[in-house]
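Understanding the architecture of this molecule
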Amino acid sequence: MPPIDLDLAEERHPSEKLPASRPPGLRQSPPDRRNHASREQLLHLVRAEYEELRGLKLTLAQARRLFGLREDICFRVLNTLIRDGLLRTTPDNLYARRRIDASGGRRLGRTMAPLG
């Protein structure tokens, strides 16, 4: 699978943008390089793998190789899926799918702080 070029940096809030007339010597912000469609495609791909392979548990390095991503991007993708409630980290630093109980929806398993 070819790597997807993606920058998942957080978007700048409108109140943080530089004013129209900048003081002399103030550098202009670089253009926004993110591709939100690629980000969603990548999140969908990783989510689909974890949903299809219910017992999948990967280290950050294994996930990076499996999905063909730079380490920093892979870290952000996995931690986005932790925030979304799909994944959790195990005590041995593996990214695994959260368990769902038999009553139909409540997710079990503790979520540890993101690695890094």
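Our subject is the structure listed above.
Residues numbered from 1 in each chain as written. Predicted model: local features only at pLDDT ≥ 70, side-chain atom pairs only at ≥ 80, totals over all residues. Heavy atoms only, no water.

1. So, the pattern of salt bridges
- Evaluation of the coordinates by the stated rule reveals three salt bridges.
- The salt bridge partner of Asp-72 is Arg-70, with a shortest N-O separation of 2.9 Å.
- Asp-72 gets classed as partly exposed once you look at its relative accessible area, which sits at 34%.
- We note a salt bridge from Asp-72 to Arg-76, for which the minimum N-O separation is 2.8 Å. Note that Asp-72 and Arg-76 are positioned in helix H3 (residues 71–83) at a spacing of four residues, about one turn of the helix.
- Since its relative accessible area comes to 23%, Arg-76 is described here as partly exposed. (Salt bridge = Lys/Arg side-chain N within 4 Å of Asp/Glu carboxyl O. Buried < 20%, exposed > 50% of the residue type's maximum accessible area, 1.4 Å probe, protein only. Helix = DSSP H or I, 4+ residues; strand = E, 2+ residues; numbered from the N terminus.)

2. Remarks on the packing of helix H2 (residues 60–67) against H3
- Between H2 and H3, the least distance of the axes is 9 Å, while the angle of their chain directions is 105°. Taken as axis vectors, H2 and H3 run roughly perpendicular relative to one another. Residues Leu-60, Ala-63 and Arg-64 of H2 pack against Glu-71, Cys-74, Phe-75 and Leu-78 of H3.
- Looking at the contact of H2 with H3, its residues break down into five nonpolar, no polar and two charged. (Axes fitted to C-alpha atoms, helices over the stretch in contact; angles between N-to-C directions. Parallel < 35°, antiparallel > 145°, perpendicular 65-115°, else oblique. Contact = heavy atoms within 4.5 Å. Nonpolar A, V, L, I, M, F, W, Y, C, P; charged D, E, K, R; others polar.)

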